[in-house]
Amino acid sequence: MIRIGRIGHLTLETPDVGRKLDHFTRVVGLSVTDRSGDAVWLACPNGGPALLLRQGAAARPARLSLRLAPSADPADVLRELRGHGLSAERRSDTGPDLPDAVTFSDPNGLEVDLHPEERSPSPRAAGGVVPEKLGHVAFFVPDPQATTRFYCEVLGFRVSDWIGDFFAFLRCNPDHHSLNFFRRPDAELGLHHMAFELRDWNHVKEACDTLGRHRVPLTWGPGRHGAGHNIYTYHDDPDGQSVELFTELDRMSDEASGCFDPRPWHLDNPQRPMVWEPGVDATNSWGIPKPPRPA
Ligand SMILES: [Fe+2]
């Protein structure tokens, strides 16, 4: 079984790299670590590469990098992927400091790169929110059940929660979720939101002040999700893509226990993976539902 250690970075195409880069450096506080042509690499101090921005006709998620568990051998990974009938290949051109990748397409056509784990420190941005790491990415997909099955059976993800039958939360390490799949039957693959982890509640407050100073309005929050129990805010980047800033995400330190680490705000004790009834208990235990997006 292939084991994924963590989420790596997300490649986003955008019609205006400069505008998006300005947001993610000056406001979100990611640091530029490399440039190649129209592509720019952005990093968080503790998570390494977080985003790769590149020019495209429209704003869309183009590739996803996942970091293999430290013990994984890329040759074995390639063999296993091919054993699942995938046309996977080894590549050496997927990014600076990423000399080895095993790449394939997931069932939704998303290009996925599996990179060996290699942590190198990234510079800390001088201003902006400066998140700790890219925490999770949530995709719109036509069939979250089939997508969840694929990521669990092929890449070893585990299901942490569902909201109804349309929103899946998958973990690959103690973090409650590193990937989400949200059903949007009529749509092609899309980005529901990207989420960056902050240190603590005080960092969330500072982040709200930073967004306010830059006249970037919150679209939801602060609140505390039911599924995952993370404190969150959401805002839109210049392409209208939703950016979550979060802290206090549930963790399952002991996978064998099948329970998330106890937290005072859990209503269930122990808190186990579950299917949440759609509604405000699942999305915001502080009671304010997600506002409708402006037309
Ligand atoms: Fe999220």
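Cut-offs and rules
Residues numbered from 1 in each chain as written. Predicted model: local features only at pLDDT ≥ 70, side-chain atom pairs only at ≥ 80, totals over all residues. Heavy atoms only, no water. Helix = DSSP H or I, 4+ residues; strand = E, 2+ residues; numbered from the N terminus. Buried < 20%, exposed > 50% of the residue type's maximum accessible area, 1.4 Å probe, protein only. Polar contact = N/O pair within 3.5 Å; in protein donor to acceptor, adjacent residues only side chain to side chain. Contact = heavy atoms within 4.5 Å. Phe/Tyr/Trp six-rings, centres within 6.5 Å; stacked < 30°, edge-to-face > 60°. Lys NZ or Arg CZ within 6 Å of the ring centre and 35° of its normal. Donors = N, O, S within 2.8 Å, 3.2 Å for Na, K, Ca; no water. Domains from an automatic or database assignment. Buried area = accessible area lost by both parts, 1.4 Å probe. Salt bridge = Lys/Arg side-chain N within 4 Å of Asp/Glu carboxyl O. Pairing = 2+ DSSP bridges. Axes fitted to C-alpha atoms, helices over the stretch in contact; angles between N-to-C directions. Core = buried A, V, L, I, M, F, W, Y, C linked by side-chain atoms within 4.5 Å.

## A look at the side chain of Ser160
Right, on to step 1. Topologically, Ser160 is positioned in strand S10 (residues 158–163).
Right, on to step 2. Looking at Ser160, the relative accessible area reads 0%, which means it is buried.
Right, on to step 3. Of note is the side chain of Ser160, whose polar atom sits 2.6 Å from the backbone oxygen of His176.
Right, on to step 4. Leaving out residues up to four positions away in the same chain, Ser160 has contacts with Phe169, Leu170, Arg171, His176, Phe260, Pro273 and Met274.

## A few points about the packing of aromatic side chains
By convention here, two paired aromatic rings are described through the distance between centres and the angle between planes.
Right, on to step 1. Under the counting rule described, the total for this entry stands at 14 aromatic pairs.
Right, on to step 2. Each ring, one from Phe150 and one from Tyr151, has its centre 5.5 Å from the other, and the planes form 75°; the classification is edge-to-face. Like Phe150, the residue Tyr151 is buried in the burial classification.
Right, on to step 3. A connected cluster of aromatic rings, assembled from ring pairs, spans Phe104, Phe139, Phe150, Tyr151, Phe157 and Phe181.
Right, on to step 4. Over the aromatic face of Phe140 sits the side chain of Arg184, whose NZ or CZ is 3.8 Å from the ring centroid.
Right, on to step 5. When the ring centre of Trp265 is taken as origin, the NZ or CZ atom of Arg224, which lies over that ring, is 3.8 Å away.

## Things to note about the coordination of the iron ion
Right, on to step 1. Looking at the iron ion, one finds its protein donor set to be His136 (NE2), His193 (NE2) and Glu244 (OE), positioned 2.0 to 2.1 Å from the metal centre.
Right, on to step 2. Counting residues between consecutive donors of the iron ion along the chain gives the motif H-x56-H-x50-E. Linking His193 in strand S13 (residues 190–197) with Glu244 in strand S16 (residues 242–247), this pair joins segments that are 51 residues apart in sequence.

## A few points about the domain arrangement of the protein
Right, on to step 1. In terms of domains, the protein is made up of domain 1 (4–115) and domain 2 (133–254 + 266–283).
Right, on to step 2. Of the residues lining the interface, 37 residues belong to domain 1; the matching set on domain 2 comes to 35 residues.
Right, on to step 3. For the domain 1 and domain 2 pair, buried surface summed over both sides reaches about 2,800 Å², with 72% attributable to carbon and sulfur atoms.
Right, on to step 4. Taken as a group, Ile4, Ile7 and Asn108 account for 20% of the area that domain 1 buries against domain 2, more than any other trio of residues on that side.
Right, on to step 5. Between the two partners, domain 1 and domain 2, sit three salt bridges.
Right, on to step 6. In this structure, Lys20 and Asp239 form a salt bridge, with 3.0 Å as the shortest nitrogen-oxygen distance.
Right, on to step 7. Among the secondary structure elements, those contributing two or more residues to the side of domain 1 that touches domain 2 are strand S1 (4–14), helix H1 (17–27), strand S4 (48–55), strand S5 (60–68) and strand S8 (111–115).

## Topic: the sheet that holds strand S9 (residues 133–141)
Right, on to step 1. Here we have nine strands laid out as an open sheet, ordered S14-S15-S16-S13-S9-S12-S11-S10-S17, and mixed in their pairing. Since the sheet does not close on itself, it has two edges, and those belong to strand S14 (218–224) and strand S17 (274–276), each with one partner. Ignoring strand direction, the axes of neighbouring strands in this sheet form an average angle of 20°.
Right, on to step 2. With three bridges connecting them, S10 and S17 associate as parallel partners. Across the sheet, the residue bridging to Asp161 is Met274, located in S17.
Right, on to step 3. Its contacts with the sheet put helix H3 (residues 144–155) on S9, S10, strand S11 (167–171) and strand S12 (179–183), and the angle it makes with S12 is roughly 160°.
Right, on to step 4. Lying on the sheet, helix H4 (residues 201–213) is in contact with S14, strand S15 (231–236) and S16; it crosses S15 at an angle near 20°.

## Things to note about the nonpolar core
Right, on to step 1. Grouped together as the largest cluster of nonpolar side chains are 58 residues, with contacts concentrated most on Leu81, Leu114, Tyr151, Leu155 and Phe196.
Right, on to step 2. Of the residues forming this core, the biggest block, five residues, is contributed by H3.
Right, on to step 3. Mapped onto the domain boundaries, this core takes at least three residues apiece from domain 1 (4–115) and domain 2 (133–254 + 266–283).
Right, on to step 4. The next biggest cluster of nonpolar side chains, apart from the first, holds eight residues, and it includes Ile163, Ala227, Trp276 and Ala282.

## With respect to the pairing of S4
Right, on to step 1. Examined bridge by bridge, S1 and S4 share five bridges and lie parallel to one another. Directly across from Glu13, in S4, lies its bridge partner Arg54.
Right, on to step 2. Here five bridges tie strand S3 (residues 39–44) to S4, and the two strands are oriented antiparallel to one another. The residue of S4 that forms the bridge with Cys44 is Gly48.
Right, on to step 3. From the end of S3 to the start of S4, which pair antiparallel, there are three residues.

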